[in-house]
Amino acid sequence: MRATHAISSKTLPCAILVLAIFVPLSSCDLIHSTCRKTPNFQLCASILRSNPKSGSADVRGLGLIMVGSLESKATSALHTIKQLLRTKPHLKIPLIECSKKYSFILKYDVTEAYEALRLGDPKFGEESMNDSAMVAQECEDGFKRFPCPITSVNKDAHDISAVAAAIIRLLL
Ligand SMILES: *[C@@H]1O[C@H](CO)[C@@H](O)[C@H](O)[C@H]1NC(C)=O
């Protein structure tokens, strides 16, 4: 009992000092506070921090960056699928399905999310990102007889969509 008391009375001032230094910093940091409200803090923070535009962005701007990240992910998924169609002909059927799904994400979900953020209609944007998370998962589920060769791409696309949906939701 006495030992515990001795420790806490020594560590308490230190804890207060740490809080006094870090709390104001982190509450000023929009990326940190925004990403904490998404299902994947690490992914969210690493994508936003690697984009130089995030420093001056508001929440809507962070949402636009996240949708942009999904756009790049879906575009590179289409390139990867195109190459796999040449090298893995036995996966042709599910790969073509995935190709349709990533085209759909780009043509509809990404476009709608951009529009929604530009026009200030967050509910519509959240819906689009919810949809693209589901569509990326559908690509994964299409591989039944053979393992999916783009599991990490699908997971990233799913997770980025979920993070984008959560950021856009903050604008509701
Ligand atoms: C998006 O998905 C989340 C989590 O599943 C759900 O809570 C939310 O209502 C959905 N939003 C829209 C607009 O569909």
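Counting starts from 1 at the beginning of each chain's written sequence and moves along it residue by residue. Residue-level local features of this predicted model are given only where pLDDT is at least 70; pairs of side-chain atoms are given and counted only at 80 or more, and the full residue set underlies all totals for whole chains, interfaces and linings. Side-chain numbers come from the whole structure's heavy atoms, not from hydrogens or water.

- Looking up the protein chain in an unreviewed UniProt entry gives the name Cell wall / vacuolar inhibitor of fructosidase 1, with the organism given as Coffea arabica.
- Here the protein chain is described in UniProt, under the heading Sequence similarities (unreviewed entry), as follows: "Belongs to the PMEI family." UniProt positions are given in the numbering used here, feature names are shortened, and annotations may be inferred rather than shown by experiment.

What to know about the packing of aromatic side chains
For step 1, the next point in the chain: Any pair of Phe, Tyr and Trp rings, taking the six-membered ring for Trp, is counted once the centres come within 6.5 Å. Such a pair is stacked with planes under 30 degrees apart, edge-to-face with planes over 60 apart, and tilted for the rest. All told, the structure shown has 1 aromatic pair when counted by the stated rule.
For step 2, the next point in the chain: Judged by centre distance (4.9 Å) and plane angle (40 degrees), the ring pair of phenylalanine 104 and tyrosine 108 falls under tilted. Taken together, the positions of phenylalanine 104 and tyrosine 108, both in helix α5 (residues 92-119) and 4 residues apart, correspond to about one turn of that helix.
For step 3, the next point in the chain: Remark: exposure states derive from per-residue accessible area (1.4 Å probe, protein chains only) relative to the maximum for the residue type, with buried under 20%, exposed over 50%, and partly exposed in between. Owing to a relative accessible area of 37%, tyrosine 108 belongs among the partly exposed residues under this scheme. A run of H or I in DSSP counts as a helix once it spans at least four residues, and a run of E counts as a strand once it spans at least two, with each numbered from the N terminus.

Brief notes about the site of the ligand
For step 1, the next point in the chain: The cutoff for a nearby residue is simple: one of its non-hydrogen atoms must lie within 4 Å of the molecule or strand. Taken together, Lys123, Glu126, Glu127, Asn130 and Arg169 form the complete shell of residues around the ligand.
For step 2, the next point in the chain: One nitrogen or oxygen atom from the side chain of glutamate 126 is found 3.2 Å from a nitrogen atom belonging to the ligand.
For step 3, the next point in the chain: For this analysis, a polar contact is any N or O atom pair within 3.5 Å, provided that within protein one partner can donate a hydrogen and the other can accept it, and provided that sequence-adjacent residues contribute only side-chain to side-chain pairs. In the model, an oxygen atom of the ligand is placed 2.4 Å from a nitrogen or oxygen of the asparagine 130 side chain.
For step 4, the next point in the chain: Residue-level accessible areas treat just the shown protein chains as cover; the underlying method is Shrake-Rupley with a 1.4 Å probe. For the ligand, whose unbound accessible area comes to 360 Å², protein coverage reaches 45%.
For step 5, the next point in the chain: Examining the composition of the shell around the ligand, we find that 4 residues originate from one element, helix α6 (residues 122-141), more than from any other.
For step 6, the next point in the chain: Amino acids are sorted into nonpolar (Ala, Val, Leu, Ile, Met, Phe, Trp, Tyr, Cys and Pro), charged (Asp, Glu, Lys and Arg) and polar (every other residue, Gly among them). Its residues assigned to classes, the shell around the ligand shows no nonpolar, 1 polar and 4 charged.

Observations regarding the state of the cysteines
A disulfide bridge is the covalent bond that connects two cysteines by way of their sulfur atoms.
For step 1, the next point in the chain: Two cysteine sulfurs form what is called a disulfide whenever their separation falls within 2.5 Å. Applying the stated criterion across every chain yields a total of 2 disulfides.
For step 2, the next point in the chain: Put simply, cysteine 35 and cysteine 44 are joined by a disulfide, and their sulfur atoms are 2.0 Å apart. Between cysteine 35 and cysteine 44 the sulfur-sulfur dihedral comes to about -70 degrees; the bridge is accordingly left-handed. With respect to burial, cysteine 35 and cysteine 44 carry one shared label: buried.

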